[in-house]
Every structure is written in C-alpha cells, then in structure tokens.
Amino acid sequence: MLYSELNVPGEIRRAVERMGFEELTEIQEKAIGPMMEGKDVIAKAPTGTGKTCAFGIPLLVDLNRKSDKTQALILAPTRELARQITEDLCDLAHFLPEVRIACVYGGQAITKQFDQLKKGPQIIVATPGRLLDHMKRRTVHLNSVTRVILDEADEMLDMGFYKDVRKILDSLKNKKQLGMFSATISREVMDIGWLYQRDAVEITVQPIEASMPKITQYSLFTTGRNKLPDLAALIVEGGFERVMVFCNTKYTTGMLSNQLARLHFDVDCLHGDLSQAERNQIMGRFKEGKLRVLVSTDVAARGIDVDDVDAVINYDLPPSNEYYTHRIGRTGRAKKEGVAYILYMPDEKKRLKEMIRLTRNTVMPIHFNENGTLEEGE
C-alpha cells in the first residue's frame, strides 16, 4: 500500500513524503488501521521495520491540536530510543506546527525538562524512571492521556522497569488505548497485555528475506594476549571506515577505547555513565564520519540510527542471543551489505556454537595465517 492511498490529513502525507517514504511497511499496514480505530494492539515486529510511523501516525491523527493537555504517552527503555522516537515524531508533525512533543529522560538536567512540560505538550515521550520522577514532583499532568504506547516493550520490561510501567499505567485513569510494540513477546509483555489490554489485535511481522539485512558473519578464535591486536587487525585488514565494537561492561568499553586510541585509531566510547550531552556529541561525530570506531555497551547502543556502519565487531561474546541479533543489526542497514565478527576465547567455544544454532545464523570461522592475513577455517 502507498502512503498516498492512506486516509490521513494531507499534512501527514506531505511529511511522510518529505521523509522519503512511499510504501507502507508490513507493520505499518497491519497496525495503522486498528490503532486509528482506537483498538488495543500487541505487535511483534523486528527492529527497524518502521514501528514509529505505525503508532506515530494514528496518534497525530487523533490529537486535539488546539488543546494544551497531554493526550498521548510513549514509553521507551532508553534515552537514545526516546530521543529517536521524538525526532521521528517531529518529522511526522513537520507541517503541523501546533503539535508540541516533549521528551523526558534520565541523564539530562530535570530543570531543562520543566520548560518543555510547561508549554503543554500533547505528546510526551519518556523513559519510565524519569517520568515517575516528574509525576512525584507534579511537573507532569497525565489526567487527559487516553493513548499509551510501549515501544521495545520486551527490552523495557527486561531491564527491570516492570513495576515502574505498572505504576504509570495504574495512574492513567482515562486511558482508552494501549499499544505494545516489541521484537519478542516475553512473559512480562504478556502479563502487561493481560492486565491492561482488552481484546487486543495481535500482529506478527516475520523477518522476510527482502528486508533482512545482508550481513556476512565471521567468528575469530583469540586469546587474552591476542584479543586487542586481533581487533585492530580486523579493522585495518577490512579497510573499514565506520565500525561499532561491542563490549559487555562499561569498564571494558572505556579501557578498550583508550587502548585503541593509543594505537592511533579515531575512537570514542558510549556507556551509561556519560552525560546526555557527551553521548549526543559522540554520536554526532560518529554519524558525520569523524570517528572511525565507536565502542559501546548494549544499552547505550539502543536507538542508534546510523545507516552506513561498515562492520560490527563483538569484542565480548554477547550475554544473550537477542543481544547478538541487535548488535549485528547495526550494520547491513538501508539495503546495504554489512559484515560482523565475533571474537571468542577458548572457554567460550561451546556457548558460541549454541548461540549460532539458536539464532540460526551462518557464521564462518576465520583465522590469521603466518603472514597476518585472514583465511577461512579455524
């Protein structure tokens, strides 16, 4: 279906055209109708399939733009995703100047957010912890909220926000619609659905070959002594201009960034201890191509939207299969081909094999030969 065929105000169609979209994705085609009818929706769809438009367009269509009361609330697990959703919604509302959208999240001075909230936003995008903080301070007024969206619901509830989300939902006395968008339907997502949804429309979008990223995947056996030189050699050998390297902890992220800097790489790192201003600055440099290597933890990487990452390198074996899928999904976007590597130590071989089997990925073993060049095989 084409956006030109969609029964929405012309301002929204023009905004979508300005964003460069012509055809609806599967999740948009399946979710926009029920959302516009006011039905509860629980949608399972892979990351990067256009979920923000799927819920953003119905929210904007339903909005009373003359009101200064908050009518829609979107909850996201991380500040990066909250900011990404806000940017996308602002793009959708480009020709609707009376629409006000506030974005509130931890890591930014709360006083800055007071000004946004005083302007009477019709839509609030928030992380659960910071929203509860505003609710306690009475700097946010949610009495008129009728529509609620939980984006990346599985990740949010898995990160320990279950009680926070329930507290927020319990406080919304005039809620008429709850939409949940999630890459997986976990037990916690189902629980929230049972408690807060009525006759929800269930939507499932399977990854299809045409939209699946083309990512060639390799595994490289290494040891503690060789891990850093092997990583550096992968980047140099591949001639990659923009690389994301994933670590499991903030400590490793910072340490590895420093080690690569000493090897004269243009590198920086993202982790939870950085201020939002620092994170924005680092992401800006990475997007502009001023950083060759970005070292990141999984949580810090949520919501990162960069279309031309040449390669993803798993410096640490991911803590879960889902994290592996999310990590490698940073490359091979926008119909480009990507490459992903995973470094593993002697005691990790068994877990790597299990992860490859369960995620149904094809991962080719490689090694450095005596001349220092890469060859296939262990």
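Some thoughts on helix 8 (residues 187-196)
Here comes step 1: Taken together, the buried positions of helix 8 are occupied by Val189, Asp191, Ile192, Gly193 and Tyr196.
Here comes step 2: Against strand 1 (41-44), strand 5 (147-151), helix 7 (153-171) and strand 6 (177-182) lie the buried residues of helix 8.

A look at the sheet that holds strand 3 (residues 101-104)
Here comes step 1: The seven strands are arranged 3-4-2-5-6-1-7 in an open sheet whose pairing can be described as parallel. In the strand order of this sheet, the two ends are held by strand 3 and strand 7 (201-204), each with one partner. Each adjacent strand pair in this sheet contributes to an overall mean axis angle of 10°, direction not counted.
Here comes step 2: Here strand 5 pairs with strand 6 via five bridges, running parallel.

Let's talk about the packing of helix 7 against helix 8
Here comes step 1: The contact between helix 7 and helix 8 brings their axes to 9 Å, and the two run at 20°. Between helix 7 and helix 8, the interaxial angle falls into the category roughly parallel. Two packed elements cross with a definite hand, and for helix 7 against helix 8 that hand is left-handed. On helix 8, the residues that touch Ala153, Asp154, Leu157, Tyr162, Val165, Arg166, Leu169 and Asp170 of helix 7 are Glu188, Val189, Asp191, Ile192, Leu195 and Tyr196.

Observations regarding the packing of aromatic side chains
Here comes step 1: For the coordinates displayed, the defined rule picks out four aromatic pairs.
Here comes step 2: Of the aromatic side chains, those joined through ring pairs into one cluster are Tyr218, Phe240 and Tyr341.
Here comes step 3: Above the face of the Phe95 ring, Arg14 is positioned so that its terminal group lies 4.0 Å from the ring centre.
Here comes step 4: A cation over an aromatic ring shows up here: Arg242 above the ring of Phe286, its NZ or CZ 5.8 Å from the ring centre.

Some points on the nonpolar core
Here comes step 1: Counting 40 residues, the largest nonpolar core has Ile27, Ile57, Ile74, Ile123 and Phe181 as the members making the most contacts within it.
Here comes step 2: For this core, the element with the highest residue contribution is helix 3 (residues 51-62), accounting for six residues.
Here comes step 3: Among residues more than four places away in sequence, those in contact with Ile27 are Ile32, Ala43, Ala45, Thr49, Gly50, Lys51, Ala54, Phe181, Ile203 and Val205.
Here comes step 4: Formed by 28 residues, the second largest nonpolar core is a distinct cluster that contains Ile124, Val145, Ile168 and Leu172.

Observations concerning helix 3
Here comes step 1: Over its twelve residues, helix 3 runs 17 Å from end to end, which matches the ideal 16 Å to within 8%, given 1.5 Å per residue.
Here comes step 2: Of the positions making up helix 3, those classed as buried are Lys51, Thr52, Cys53, Ala54, Phe55, Gly56, Ile57, Pro58, Leu59 and Leu60.

Here's the deal with the side chain of Thr222
Here comes step 1: For Thr222, the location among the structural elements is in the loop between strand 8 (214-221) and helix 9 (227-238).
Here comes step 2: Residue class for Thr222 comes out buried when judged on its relative accessible area of 2%.
Here comes step 3: One polar contact links the side chain of Thr222 to the main-chain amide nitrogen of Lys227, over a distance of 3.4 Å.
Here comes step 4: If near-sequence neighbours (up to four positions away) are discounted, Thr222 is found in contact with Lys227, Asp230, Leu343, Tyr344, Met345 and Pro346.

Some details on a negative patch on the surface
Here comes step 1: Residues Glu5, Glu17, Glu22, Glu23 and Glu29 make up a contiguous surface patch of negative charge.
Here comes step 2: Relative to the helices and strands, Glu17 resides in helix 1 (residues 10-18).

A short note on the pattern of salt bridges
Here comes step 1: As enumerated under the stated definition, the model contains eleven salt bridges in all.
Here comes step 2: The partner of Lys227 in a salt bridge is Asp316, and the shortest N-O contact between them spans 3.2 Å. In this pair, Lys227 sits in helix 9 while Asp316 sits in the loop between strand 12 (311-314) and helix 13 (321-328), placing the two residues 89 residues apart along the sequence. Accessibility classification places Lys227 together with Asp316 in one group, the buried group.

What to know about unusual backbone geometry
Here comes step 1: In this structure, Asp199 takes a positive phi of about 50° despite not being glycine.
Here comes step 2: The topology assignment puts Asp199 in the loop between helix 8 and strand 7.
Here comes step 3: You can call Asp199 exposed: its relative accessible area is 73%.

Remarks on the pairing of strand 1
For a regular strand, the rule is simple: side chains alternate between the two faces of the sheet.
Here comes step 1: Taken together, the four bridges between strand 1 and strand 6 define a ladder with parallel strand orientation. Bridge pairing links Lys44 to Ser182 in strand 6.
Here comes step 2: Here strand 1 runs beside strand 7; their pairing, made up of four bridges, is parallel. For Lys44, the partnering residue across the bridge sits in strand 7 and is Thr204.

Overview of the confidence of the model for the chain
Here comes step 1: The pLDDT averaged across the chain works out to 88; a share of 94% of its residues lies at or above 70.
Here comes step 2: Taking the mean pLDDT of every element in the chain, the minimum, 68, falls on helix 12 (residues 298-301) and the maximum, 98, on strand 2 (residues 72-75).

Focus: the pairing of strand 8
Here comes step 1: Sheet analysis places strand 8 next to strand 13 (residues 337-344), joined by eight bridges and oriented parallel. Of the residues in strand 13, the one forming a bridge with Thr216 is Val339.
Here comes step 2: Across four bridges, the pairing between strand 8 and strand 14 (residues 363-368) is parallel. Considered in strand 14, the bridge of Tyr218 is made with Met364.

Rules used throughout
Throughout this description, residue numbers start from 1 for each chain and increase along the sequence as written. At least 70 in pLDDT is required for a residue's local features to be given in this predicted model, at least 80 for side-chain atom pairs to be given and counted, and no such filter applies to totals for whole chains, interfaces and linings, which use all residues. Side-chain measures here rest on the full set of heavy atoms in the structure, leaving out hydrogens and waters. Each residue is placed in one exposure class: buried if its accessible area under a 1.4 Å probe, protein chains only, is under 20% of its type's maximum, exposed if it is over 50%, and partly exposed if it falls in between. Strands are runs of DSSP state E lasting at least 2 residues, helices are runs of H or I lasting at least 4, and numbering of each runs from the N terminus. Any pair of residues with heavy atoms lying within 4.5 Å of one another is described as a contacting pair. In short, DSSP must find at least two bridges between two strands for them to pair. Each axis is a line fitted through C-alpha atoms, taken for helices only over the stretch in contact, and angles between the N-to-C directions span 0 to 180 degrees. Orientation is classified from the angle alone, with under 35 degrees giving roughly parallel, over 145 giving roughly antiparallel, 65 to 115 giving roughly perpendicular, and any other angle giving oblique. For a crossing to be left-handed, the near helix must be turned anticlockwise from the far one by less than a right angle; the clockwise case is right-handed. Each Phe, Tyr or Trp ring, with Trp reduced to its six-membered ring, pairs with another whose centre is within 6.5 Å; inter-plane angles below 30 degrees give stacked pairs, above 60 give edge-to-face pairs, and intermediate values give tilted ones. Placement of a positive charge over a ring is assigned whenever Lys NZ or Arg CZ falls within 6 Å of the ring centre and within 35 degrees of the normal to the ring plane. The nonpolar core is taken to be a set of buried Ala, Val, Leu, Ile, Met, Phe, Trp, Tyr and Cys residues, with the residues joined through side-chain atoms within 4.5 Å. Residue count minus one, scaled by 1.5 Å, sets the expected span of a helix. Any pair of nitrogen or oxygen atoms within 3.5 Å is treated as a polar contact; in protein, a donor-acceptor pairing is required on top of that, and neighbouring residues in sequence qualify only through side-chain atoms on both sides. Put simply, a patch holds well-exposed residues, over 30% relative accessible area, that have no salt bridge, with like charges counted together within 9 Å and Val, Leu, Ile, Met, Phe, Trp or Tyr side chains within 5 Å. Note on areas: Shrake-Rupley with a 1.4 Å probe; residue coverage comes only from the protein chains shown. Criterion for a salt bridge: a side-chain nitrogen of Lys or Arg within 4 Å of a carboxyl oxygen of Asp or Glu. The positive count covers Lys and Arg only, the negative count covers Asp and Glu only, and His and the chain ends enter neither. The atom standing in for a charge is NZ when the residue is Lys, CZ when it is Arg, CG when it is Asp and CD when it is Glu. As a per-residue quantity, pLDDT reports the predictor's confidence and falls between 0 and 100.

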